[in-house]
Amino acid sequence: MIIENLQNIQNELPENVTLVAVSKTKPITDIKEAYSAGQRIFGENKIQEMVTKYEELPKDIEWHMIGHLQRNKVKYMAHFVSLIHGVDSLKTLKEIDKQAKKHNRVIQCLLQVRIAQEETKFGFPISEIKDILSSEEMIQLKNITISGLMGMATFTDNKEQLKNEFTSLKKLFEELKKEYSQLSILSMGMSGDYQLAIENGSTMVRIGSAVFGNRTYT
């Protein structure tokens, strides 16, 4: 079922859109099955779980950290993480830079922008992103690269609202690209809304349940 789900999604994605298979809470066997179908990018939201899976699985896998990031745990993944999606503070960026330097690495990061109307969502306000990118503090960070933006839309069936949230991030992304040429990734869209996100400019989608099936939480 996982292989069939993956193939169906891969077949419908445009060439410029990257699929992150969200494997959080899923067993090693499920990831191996997806790996056998050619999937190489997996997303986790808990660092310890990602570390365990990294140690047990093939080393050509790209691991993406997609959850809210605790600064004190960055050190555990700094030697292997490929992309960190949800960076929402300058303090966190500084810690990633510090830990990346210890491993002589440059870690790709996405700035999480708050586009949802829900209070529970993290992220920088849209109005602050330009100031952060141009700040002296950011310029001094040599072991990270801001590769793009990430946003999580409101959990709603209102497609017009979702479209407005996605397009607001797309507009910001396009404005910033004029000045910051390294920006290439716009990460938005999950299992329930990725088609709409792609229609509105997403270049990276984070899909879990549509690949692996619904999760059961204990």
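Residues numbered from 1 in each chain as written. Predicted model: local features only at pLDDT ≥ 70, side-chain atom pairs only at ≥ 80, totals over all residues. Heavy atoms only, no water.

1. Comments concerning the overall build of the chain
Then, number 1: Counting its regular elements, the chain contains nine helices and eight strands.
Then, number 2: Taken over C-alpha atoms, the radius of gyration comes to 17 Å for the chain, in line with the 17 Å a tight globule of 218 residues would show.
Then, number 3: Projected onto its principal axes, the C-alpha coordinates of the chain cover approximately 50 × 45 × 35 Å.
Then, number 4: Scored against the burial criterion, the 218 residues of the chain give a buried share of 51%.
Then, number 5: A separation of at least 24 residues holds for 59% of the contacts in the chain among residues at least 6 apart in sequence. (Helix = DSSP H or I, 4+ residues; strand = E, 2+ residues; numbered from the N terminus. Rg over C-alpha atoms; globule rule 2.2 N^0.38 Å. Buried < 20%, exposed > 50% of the residue type's maximum accessible area, 1.4 Å probe, protein only. Contact = heavy atoms within 4.5 Å.)

2. Describing the environment of R40
Then, number 1: Relative to the helices and strands, R40 is located in the loop between α2 (28–36) and β2 (41–44).
Then, number 2: The class of R40 is partly exposed, set by a relative accessible area of 29%.
Then, number 3: Once you skip the residues sitting within four places of it in the chain, R40 turns out to touch Y35, D60, I61 and E62.
Then, number 4: Engagement of the side chain of R40 in a polar contact is seen with the backbone oxygen of Y35, the distance being 2.8 Å. (Polar contact = N/O pair within 3.5 Å; in protein donor to acceptor, adjacent residues only side chain to side chain.)

3. Concerning the environment of L172
Then, number 1: As for its placement among the helices and strands, L172 is situated in helix α7 (residues 159–177).
Then, number 2: Other than its neighbours up to four places away in sequence, L172 contacts V113, I126, I129 and L149.

4. With respect to the nonpolar core
Then, number 1: If you look at the biggest cluster of nonpolar residues, it comprises 64 residues, and the most contacted ones within it are I84 and L149.
Then, number 2: When residues no more than four places from it in sequence are discounted, the contact partners of L149 are L110, L111, V113, I129, L169, L172, F173, L176, I185, L186 and S187.
Then, number 3: V20, L83, M150 and I185 belong to the second-largest nonpolar core, a separate cluster that totals seven residues. (Core = buried A, V, L, I, M, F, W, Y, C linked by side-chain atoms within 4.5 Å.)

5. Topic: the layout of surface pockets
Then, number 1: The space that makes up the second largest pocket amounts to roughly 380 Å³.
Then, number 2: As for the second largest pocket, its lining consists of 14 residues, of which T154, F155, M190, G192 and D193 are closest to the centre.
Then, number 3: Looking at the lining of the second largest pocket, the elements with two or more residues in it are α7 and α8 (194–199).
Then, number 4: Looking at the lining of the second largest pocket residue by residue, the class counts come to six nonpolar, four polar and four charged. (1 Å grid on protein atoms, 1.4 Å probe; cavity = no way out; pocket = protein on both sides within 12 Å on 5 of 7 lines; lining within 4 Å. Points joined across faces, edges and corners; volume = space filled by probe spheres on them. Nonpolar A, V, L, I, M, F, W, Y, C, P; charged D, E, K, R; others polar.)

6. Description of the packing of aromatic side chains
Then, number 1: Tallying each qualifying case throughout the model produces two aromatic pairs.
Then, number 2: Geometrically, the ring pair formed by F42 and W63 is tilted, given 6.0 Å between the ring centres and 40° between the ring planes. One end of the pair, F42, is in strand β2; the other, W63, is in strand β3 (residues 62–65), and 21 residues separate them in sequence.
Then, number 3: The buried category is assigned to W63, whose relative accessible area is 0%.
Then, number 4: Relative to F80, the ring of Y54 has its centre 3.9 Å away and its plane inclined at 10°; by these criteria the two rings are stacked. Taken as a pair, Y54 in helix α3 (residues 47–56) and F80 in the loop between β3 and β4 (83–87) lie far apart in primary sequence, 26 residues in all. (Phe/Tyr/Trp six-rings, centres within 6.5 Å; stacked < 30°, edge-to-face > 60°.)

7. Section: the pairing of strand β1 (residues 18–22)
Then, number 1: With four of its five residues buried, β1 lies for the most part within the structure.
Then, number 2: Across four bridges, β1 lies against strand β8 (residues 204–207) in parallel orientation. Paired with A21 across the bridge in β8 is I207.
Then, number 3: Taken together, the two bridges between β1 and β2 define a ladder with parallel strand orientation. Paired with A21 across the bridge in β2 is F42.
Then, number 4: On the question of chirality, the crossover connecting β1 to the parallel β2 by way of α2 is right-handed. (Pairing = 2+ DSSP bridges. Right-handed = clockwise from strand over helix to strand, strands pointing away.)

8. Brief notes about α7
Then, number 1: End to end, α7 covers 27 Å across 19 residues, agreeing with the expected 27 Å (1.5 Å per residue, within 8%).
Then, number 2: Those residues of α7 lying buried are Q161, L162, E165, F166, L169, L172, F173 and L176. The buried residues of α7 occupy one face: seen down the axis, they fall within an arc of 130°. Across α7 from its buried face, at more than 90 degrees, point the exposed residues K159 and K171.
Then, number 3: Buried positions along α7 lie against β5 (107–113), α5 (129–134), β6 (144–151), β7 (185–187) and α8.
Then, number 4: The N-capping residue of α7, defined by a side-chain oxygen 3.1 Å from the backbone nitrogen of E160, is N158. (Expected span 1.5 Å × (residues − 1). Arc of directions from axis to C-beta.)

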